[in-house]
Amino acid sequence: MIAIPYLTALTTYFSYACSSPLANSEISSANSSTGSPPTIFRTVLGDQYQVHLMLAADEYCTPRVVETLKKYSPSTCSSRVDGGTTALHNELEECVARFVRKPAAIVFGMGYVTNSAILPVLMGRGGLIISDSLNHNSIVNGARGSGATIRVFQHNIPSHLEEVLREQIAEGQPRTHRPWKKIIVIVEGIYSMEGELCKLPEIIAVCKKYKAYTYLDEAHSIGAVGKTGRGVCELLGVDTADIDIMMGTFTKSFGSCGGYIAGSKELIKYLKYTCPAHLYATSISPPAAQQIISSIKVILGEDGSNRGAQKLAQIRENSNFFRSELQKMGFEVLGDNDSPVMPIMLYNPAKIPAFSRECLKQNVAVVTVAFPATPLLLARARICISASHSREDLIKALQVISRVGDLVGIKYFPAEPLKQAQEGKRLKFE
């Protein structure tokens, strides 16, 4: 058992109690001087805005979802193998497979379950799972439930992945030293708490060298990055044929719920016969399925407009602008350019409620993340940028975050001098 000092434990507990109710609340502000009615302030930078492209309320998607609701009802009330498969579910799976450029796909009603239920079906005793040290909890639980041997490599370091692979292949299975029945390497496209892009080309090269399968979780990248929103494979120039299993969720860019697995036709057929989430769980709601189909059509421009391309360009511009400005102010911001997820490091657990409350007082909602989602002393505020954030929204939020950062003391780097910044902008214009 790890011994934690009493004051540290008490402070952390107090931080959770204070930050949790505030982290996921909508903000209403009234203009007292004019007496105008309360309005919802638009600068929300937390988990509510993980809907990156804001297609949950869309002029093309919403009418079709309403029609589907009238035609099919809110739920199938059945699993896929009983009465839970409609024409929409088949169309959705074909649409997803075409979008991610794989031969086939299978969809589930919950994103978390997509990982935690699939991995025990794919792997078992005698198998080896090599997982990135910062993979999502759904991957961790799925790997643990599989019964396979689990090894971890240092976050996003392909050279260490190669060391682990070489060592494990040489040693073989525990006690018997027999060859592994199967080896699978699991990574994420964009790491949810780091905002970092996976070093996918290098990792694929290592997996090919040692003949290991590749499992890619694109929960935060699909529909948000890449020229046509097809995720990190498109962004980094990776052929999807080099990825054995592609996973993603529909909650971020598609404004719906659930998740998918895409791969070979043989793999998907096997999963449909063996996966408990397909055999026993209620199928994805028909209106939710229609929302995903319509969203993909918007992203690909199949709705007859270029709004999808505009939204992708806007989220990229918003993300890079916001990240750049935060760094200029002196904040420690994790992640890479083009990533819509950007954590601002707080470190001290006592600063979690202070940062959250002070931002809330000034009508900016942020989501703070602490232990056990992150290590105890690596607390952070996770900013999720959306295509619907206007430049005015972002500038307002930056001003508030800058003031609160000075107040709380989380600007760990010297700020860029204003004159130098202005001169730099002038040179760019010239």
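Rules and cut-offs
- Residues numbered from 1 in each chain as written.
- Predicted model: local features only at pLDDT ≥ 70, side-chain atom pairs only at ≥ 80, totals over all residues.
- Heavy atoms only, no water.
- Helix = DSSP H or I, 4+ residues; strand = E, 2+ residues; numbered from the N terminus.
- Buried < 20%, exposed > 50% of the residue type's maximum accessible area, 1.4 Å probe, protein only.
- Contact = heavy atoms within 4.5 Å.
- Areas by Shrake-Rupley, 256 points an atom, 1.4 Å probe, with all protein chains shown as cover.
- Phe/Tyr/Trp six-rings, centres within 6.5 Å; stacked < 30°, edge-to-face > 60°.
- Lys NZ or Arg CZ within 6 Å of the ring centre and 35° of its normal.
- Axes fitted to C-alpha atoms, helices over the stretch in contact; angles between N-to-C directions.
- Parallel < 35°, antiparallel > 145°, perpendicular 65-115°, else oblique.
- Left-handed = near helix turned anticlockwise from the far one by under 90°.
- Core = buried A, V, L, I, M, F, W, Y, C linked by side-chain atoms within 4.5 Å.
- Salt bridge = Lys/Arg side-chain N within 4 Å of Asp/Glu carboxyl O.

> Give a description of the overall build of the chain that names residues and reports values.
A tally of regular secondary structure across the chain gives 15 helices and 12 strands. Going through the 430 residues of the chain one by one, you find that 53% of them count as buried. A separation threshold of at least 6 residues defines the contact pool for the chain, and within that pool the share at least 24 residues apart is 72%. Of the roughly 19800 Å² of accessible surface on the chain, 55% is carried by carbon and sulfur atoms.

> I'd like a rundown of the environment of A397, residues and numbers included.
Following the sequence through the fold, A397 ends up in helix α14 (residues 391–408). Exposure remark for A397: the relative accessible area of 0% places this residue in the buried category.

> Describe the packing of aromatic side chains, with residues and values.
This model, assessed by the stated rule, comprises four aromatic pairs. With a centroid separation of 5.8 Å and an interplanar angle of 75°, the aromatic rings of F250 and F254 are classed as edge-to-face. Side by side, F250 and F254 carry an identical accessibility label, which is buried. Site record: aromatic cluster; members linked through ring pairs are F99, F250, F254 and Y260. Between R64 and the ring centre of Y60, over which it is positioned, the NZ or CZ distance is 3.7 Å.

> Give me the packing of helix α2 (residues 61–72) against helix α11 (residues 286–300): which residues, what numbers.
At a closest axis distance of 8 Å, the pairing of α2 and α11 adopts a crossing angle of 155°. Judged by the inter-axis angle, α2 sits roughly antiparallel to α11. Seen from above, α2 lies across α11 with right-handed handedness. Facing α2, whose interface residues are C61, R64, V65, T68, L69 and Y72, α11 presents P286, P287, Q290, Q291, S294, S295 and V298.

> Can you break down the nonpolar core residue by residue, with the values?
Core analysis: the largest hydrophobic core is formed by 54 residues, its most contacted members being I130, L165, V185, V187 and L200. Judged by nonpolar contacts, the second largest core, of 27 residues, contains V364, V366, I401 and I410.

> Got a sec to walk through the pattern of salt bridges? Specific residues and values, please.
All chains considered together, the criterion is met by 14 salt bridges. The salt bridge partner of K361 is E358, with a shortest N-O separation of 3.2 Å. Taken together, the residues span about one helical turn, with K361 and E358 both in helix α13 (residues 351–361) at a distance of three residues. A relative accessible area of 62% means that K361 is categorised as exposed. Within this structure, D58, E59, D303 and R307 form a network of salt bridges that share partners.

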